[in-house]
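Structure assessment
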Amino acid sequence: MSICYLNGGFVPRSEARISPMDRGFLFGDGVYEVIPVYGGRAFRLDAHLARLERSLAGIGIANPHSHAEWADLVQRLVAAHHWPTQAVYVQVTRGADTVRNHAFPQDLPPTVFMTADALAPIPAEQLERGVSAVSAADNRWLRCDLKTTALLANCLLRQLAVEQGCAETVLFRDGFLTEGSASNIFVVKNGVLLAPPKSHLMLPGITCDVVLELAARHGQATEVREIREEEVHAADELWLTSSTKEVLPITQLDDKPVGAGYPGPVTLAMIDWFVQARREECGA
Ligand code: PDD
């Protein structure tokens, strides 16, 4: 049975109820986090909670909990489930109003919802052969740095991939790489790892930061700079990162092989470094 946390208490997820007047439901007026848990321990919890704080501040919701309170809630939620590997979802909305009104209501208690699901290991075949992706114009709003629950554009963009039997949609704005519909994207060219600079056009991914950290630690040449669309199509290697997909090779883009069409040496090294890092940090 899945247990969730809603506004102060832990209840079976099937029994949790929120008001249809919740601004998260009416307007997508909320923010969220997805935190991976390995061996019962949340990976990079502090970074996730710091980003939650930034997202809340970015949309003008007072953080309802201290860092220690959040950490305690995450731990209790994780302990309520037997899966060693989980994805914890945290959502805070501006709360349930009495009328539908775009303007922020005063003194409304936010809705806090947390749930956990088993996080399946990445299938060996996907790691060995990579996944396929399509590309599309990034037509989202200009605050993609905030992790808001208003994800309709991301869902529509992801669906483009799904309808073509692909795993992800790689997004370009004005001819430059931004990110994936639910991931960050890395390029390898001539042995150099390329990543777009953080800006309001992309989510500052926690896994992205881990990858940049690991590249520096292991002496992998890296450039953080604007990446032109043509460079992505001419990449030797390509991968995506996210809290649920870790480091996942993309070996086909728009029906064409990426590089040789299988995960390259930098990708394979990064996957190893990543698994090692999370084992070190979470002991799993
Ligand atoms: N999404 N960019 C977007 C648009 C995302 O939605 C995500 C993650 C990322 C990667 O961020 P991180 O490494 O911190 O998970 C980048 C989560 C997993 C989701 O919406 O389910």
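To be clear, the structure that these remarks concern was listed above.
Conventions adopted
Residues numbered from 1 in each chain as written. Predicted model: local features only at pLDDT ≥ 70, side-chain atom pairs only at ≥ 80, totals over all residues. Heavy atoms only, no water. Helix = DSSP H or I, 4+ residues; strand = E, 2+ residues; numbered from the N terminus. Buried < 20%, exposed > 50% of the residue type's maximum accessible area, 1.4 Å probe, protein only. Contact = heavy atoms within 4.5 Å. Near = heavy atom within 4 Å. Polar contact = N/O pair within 3.5 Å; in protein donor to acceptor, adjacent residues only side chain to side chain. Areas by Shrake-Rupley, 256 points an atom, 1.4 Å probe, with all protein chains shown as cover. 1 Å grid on protein atoms, 1.4 Å probe; cavity = no way out; pocket = protein on both sides within 12 Å on 5 of 7 lines; lining within 4 Å. Sits in = over half its atoms within 2 Å of the grid points. Pairing = 2+ DSSP bridges. Axes fitted to C-alpha atoms, helices over the stretch in contact; angles between N-to-C directions.

Glancing now at the environment of leucine 6. If you trace the backbone, leucine 6 turns up in strand β1 (residues 3–6). Residue classification places leucine 6 among the buried residues on the basis of a relative accessible area of 14%. Separated by 35 residues in sequence, leucine 6 and arginine 41 place their C-alpha atoms 21 Å apart. Leucine 6 has contacts with Ala16, Arg17, Ile18, Thr111, Val112 and Phe113, leaving out every residue within four places of it along the chain.

Of all residues adjacent to the ligand, which total 19 residues, the nearest are Tyr32, Arg51, Glu179, Thr207 and Ser243. A distance of 2.8 Å is found between an oxygen atom of the ligand and a side-chain nitrogen or oxygen belonging to arginine 51. At a separation of 2.8 Å, an oxygen atom of the ligand approaches a polar backbone atom of isoleucine 206. Considered on its own, the ligand offers 480 Å² of accessible surface; in the complex 89% of this is hidden by protein. The cavity where the ligand resides is the largest pocket.

With that settled, consider the sheet that holds strand β6 (residues 111–118). The strand order across the open sheet formed by six strands is β2-β1-β6-β5-β3-β4, and the pairing between neighbours is antiparallel. The open sheet has two edge strands, β2 (9–12) and β4 (41–42), and neither has a second partner. Across eight bridges, the pairing between strand β5 (residues 86–93) and β6 is antiparallel. Its bridge partner lying in β6, threonine 93 is registered against threonine 111. Those strands touched by helix α3 (residues 67–79) are β1, β2, β3 (30–38), β4, β5 and β6, and its axis lies near 40 degrees from that of β6.

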